[in-house]
Amino acid sequence: MTPTRDTHATGRRRPRLGRWFTPRGSRTFVLGICVAVGGISGSIRGAMDGTGILEVAGLLGLGILGVALTIRCVVLYAREK
């Protein structure tokens, strides 16, 4: 008997891509810290060197995004425990 289109395989071969973007694991926490440190220090360095305001604002925005991602990971971890 041939399987119909409605039947699915019992197991998945690859994890879902959305799983990589949810702030639940230690990878996301480390990524948030790296982005925060890189963005904030890059914006400070850019301001000291006298680069354009858009570059400094963009790097500062990345730093703020990294801080928000890190805080989100800590809050989710605290809720789980």
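Located above this text is the structure these notes cover.
Since the model is a prediction, treat every value here as computed from it, not as a measurement.

The rules behind the values
Residues numbered from 1 in each chain as written. Predicted model: local features only at pLDDT ≥ 70, side-chain atom pairs only at ≥ 80, totals over all residues. Heavy atoms only, no water. Axes fitted to C-alpha atoms, helices over the stretch in contact; angles between N-to-C directions. Helix = DSSP H or I, 4+ residues; strand = E, 2+ residues; numbered from the N terminus. Parallel < 35°, antiparallel > 145°, perpendicular 65-115°, else oblique. Left-handed = near helix turned anticlockwise from the far one by under 90°. Nonpolar A, V, L, I, M, F, W, Y, C, P; charged D, E, K, R; others polar. Patch = residues over 30% accessible without salt bridge, like charges linked within 9 Å, V, L, I, M, F, W, Y side chains within 5 Å. Areas by Shrake-Rupley, 256 points an atom, 1.4 Å probe, with all protein chains shown as cover. Salt bridge = Lys/Arg side-chain N within 4 Å of Asp/Glu carboxyl O. Buried < 20%, exposed > 50% of the residue type's maximum accessible area, 1.4 Å probe, protein only.

Between two packed helices, both the angle of their axes relative to each other and the distance between the axes serve to describe the pair. Running from amino to carboxyl end, helix 2 (residues 26-49) crosses helix 3 (residues 53-80) at an angle of 155°, the nearest separation of the two axes being 7 Å. The orientation of helix 2 with respect to helix 3, classified from their angle, is roughly antiparallel. For the pair helix 2 and helix 3, the sense of crossing is left-handed. Within the contact of helix 2 with helix 3, the residues separate by chemical class into 15 nonpolar, 9 polar and no charged.

A grouping of Ile40, Ile44, Met48, Leu60, Ile64, Val67, Ile71 and Val75 is seen on the molecular surface, where their side chains present a nonpolar patch of about 720 Å² in accessible area. Those elements that provide at least two residues to the nonpolar patch are helix 2 and helix 3. Tracing the backbone through its elements, the reader meets isoleucine 44 in helix 2. Judged by its relative accessible area of 49%, isoleucine 44 is partly exposed.

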